[in-house]
Amino acid sequence: MEIIILRSAESVAAMAGELVAELLRVQPAAVLGLATGSTQLSLYRNLVEKYRDGGISFRGTTSFNLDEYLGVASENPQSYRTYMNREFFGCIDIDKRNTFLPCCGEDENPRLVGPRYEQKIREAGGIDLQLMGIGYNGHIGFNEPSSSLRSRTRVKTLTKQTLKDNSRLFAKNEFQPKLAITMGIATIMDARRILLLATGTNKAEAVRKTVEGPVSAMCPASVLQMHERVTVLLDEAAAAELSNRDYYDWTHLQNEALKDRFSDK
Ligand code: GLP
């Protein structure tokens, strides 16, 4: 794992934006794995700015989101589809027909959505770069603690903790979904590269377990230790509980000279 600790949440978004831009320069038709959540918002703003400045284009890209609520129509303001259209797809030149979320139509069997989504990802040639955040309990996508480490896209029941954490985004009497369709952990692990962003004190414990704890289904993000190319971008607050901090800073200094992180040359 490459652990990079930066001064602020803004620097995390800026560096993530740079890494995505580097990838798009080398591979304009990259397949992107995308995520929702508040941490990703500044990254999307950064990428939209880069697009507006003419620095990057998403015209050739295809995207697959990690997850979507079940029981919430795509047009619902609370759906992740709405979030993605509002925060990202609607602000860049990506062809919306090439943007996918594991949505389940009203008359569809939710159990069929997962295998179909996996098939689509395979047809697109697999995910080149998966962006993601992390839940307070170490979830990635909506793979809650105790998720099978070999899971594929499927329906998951959200934990009471996740419902509580995300309740801030719902009005008092608004319907808050308890189910979601999420890429599985094995689906995520198939991505060629992974970029995990975490900021703020309340992520510090999950980050410690992910980076320095044992690989365990009780902290789904810890499985990323088994992936070949993961970069973890943290602000000071999210890195506060790491014990191997000196080494991460030292490594980052040595690596800073490395250019073209995403070229395979
Ligand atoms: C949700 C999403 C996750 C995201 C997490 C953290 O639960 N399903 O993909 O990582 O929220 O979100 P935030 O960045 O808002 O803390």
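Residues numbered from 1 in each chain as written. Predicted model: local features only at pLDDT ≥ 70, side-chain atom pairs only at ≥ 80, totals over all residues. Heavy atoms only, no water.

## Overview of the overall build of the protein
- Across its full length, the protein holds eight helices and 10 strands.
- On C-alpha atoms alone, the protein measures out to a radius of gyration of 17 Å, which is about the 18 Å that the 2.2 N^0.38 rule sets for 265 residues.
- Counting every position in the protein, which comprises 265 residues, the buried fraction comes to 54%.
- Put simply, of all contacts in the protein between residues at least 6 apart along the chain, 79% involve residues at least 24 apart.
- Accessible area for the protein stands at about 12700 Å²; split by element, carbon and sulfur atoms hold 50% of it.
- Positive and negative side-chain charges of the protein, numbering 33 and 33 respectively, have mean locations separated by a distance of 3 Å. (Helix = DSSP H or I, 4+ residues; strand = E, 2+ residues; numbered from the N terminus. Rg over C-alpha atoms; globule rule 2.2 N^0.38 Å. Buried < 20%, exposed > 50% of the residue type's maximum accessible area, 1.4 Å probe, protein only. Contact = heavy atoms within 4.5 Å. Areas by Shrake-Rupley, 256 points an atom, 1.4 Å probe, with all protein chains shown as cover. Lys, Arg positive; Asp, Glu negative; His and termini not counted. Charge placed at Lys NZ, Arg CZ, Asp CG, Glu CD.)

## Points about the sheet that holds strand S9 (residues 193-198)
- Ordered in space as S1-S10-S9-S6-S2-S3-S5, the seven strands form an open sheet in which the pairing is parallel. Single-partner strands in this sheet number two, and they are strand S1 (2-6) and strand S5 (99-100).
- Helix H4 (residues 110-123) rests against strand S3 (62-65) and S5 of the sheet, and its axis sits at about 150 degrees to S3. (Pairing = 2+ DSSP bridges. Axes fitted to C-alpha atoms, helices over the stretch in contact; angles between N-to-C directions.)

## A look at the environment of Glu212
- Relative to the assigned elements, Glu212 resides in helix H7 (residues 204-212).
- In this structure, the C-alpha to C-alpha distance between Glu212 and Val230, residues 18 residues apart in sequence, is 14 Å.
- Residues within four places of Glu212 in sequence aside, it is in contact with Val207, Gln225, Glu241, Leu242, Ser243, Asn244 and Tyr248.
- Of the polar contacts made by the side chain of Glu212, one reaches the backbone nitrogen of Ser243; its length is 2.9 Å. (Polar contact = N/O pair within 3.5 Å; in protein donor to acceptor, adjacent residues only side chain to side chain.)

## Let's talk about the nonpolar core
- With 40 residues, the main nonpolar core has Leu34, Phe58, Tyr69, Met84, Phe88, Leu195 and Leu233 as its most contacted residues.
- Those elements that provide at least two residues to this core are S1, helix H1 (9-26), strand S2 (31-34), helix H2 (38-52), helix H3 (80-87), strand S6 (129-132) and S9.
- By residue number, the principal contributor to this core is H1, which donates eight residues.
- Apart from residues no more than four positions distant in its own chain, Leu34 is found in contact with Tyr44, Ser63, Phe64, Asn65, Leu66, Met84, Phe88, Phe89, Gln130 and Leu131.
- Among the nonpolar cores identified, the runner-up in size contains 34 residues, and Ile188, Met189, Val211 and Ala221 belong to it. (Core = buried A, V, L, I, M, F, W, Y, C linked by side-chain atoms within 4.5 Å.)

## Re the packing of H2 against H3
- Contact pair H2 / H3: the axes reach a minimum separation of 10 Å and the direction vectors enclose 35 degrees. Only Tyr83, Met84 and Glu87 of H3 make contact with H2, whose side of the interface consists of Gln40, Leu41, Tyr44, Arg45 and Val48.
- Grouping the amino acids of the contact of H2 with H3 by side-chain chemistry returns five nonpolar, one polar and two charged. (Nonpolar A, V, L, I, M, F, W, Y, C, P; charged D, E, K, R; others polar.)

## Re the site of the ligand
- Not every one of the 13 residues close to the ligand is listed here, only the nearest: Ser38, Thr39, Asp67, His139 and Lys203.
- Note that an oxygen atom of the ligand is positioned 2.6 Å from one of the side-chain N or O atoms of Ser38.
- Within the side chain of Thr39, a nitrogen or oxygen atom sits 2.4 Å from an oxygen atom of the ligand.
- For the ligand, whose unbound accessible area comes to 390 Å², protein coverage reaches 95%.
- Of the residues in the shell around the ligand, the class split is three nonpolar, seven polar and three charged. (Near = heavy atom within 4 Å.)

## Observations regarding the pairing of S2
- Across the two faces of S2 the burial is the same, with Val31 and Gly33 and Leu32 and Leu34 all buried.
- In this region the chain leaves S2, passes through H2 and returns to the parallel neighbour S3; the handedness of that crossover is right-handed.
- Relative to S6, S2 runs parallel, the two sharing two bridges. Following the sheet pairing, Leu32 is matched in S6 by Leu129. (Right-handed = clockwise from strand over helix to strand, strands pointing away.)

## Details of the pairing of strand S10 (residues 230-235)
- S10 sits mainly inside the fold: six of its six residues count as buried.
- In this sheet, S10 lies alongside S1 in parallel orientation, the contact comprising five bridges. When the bridges of S10 are listed, Glu2 appears paired with Thr231.
- Between the parallel pair S9 and S10, the chain is carried across by H7, and the sense of this crossover is right-handed.

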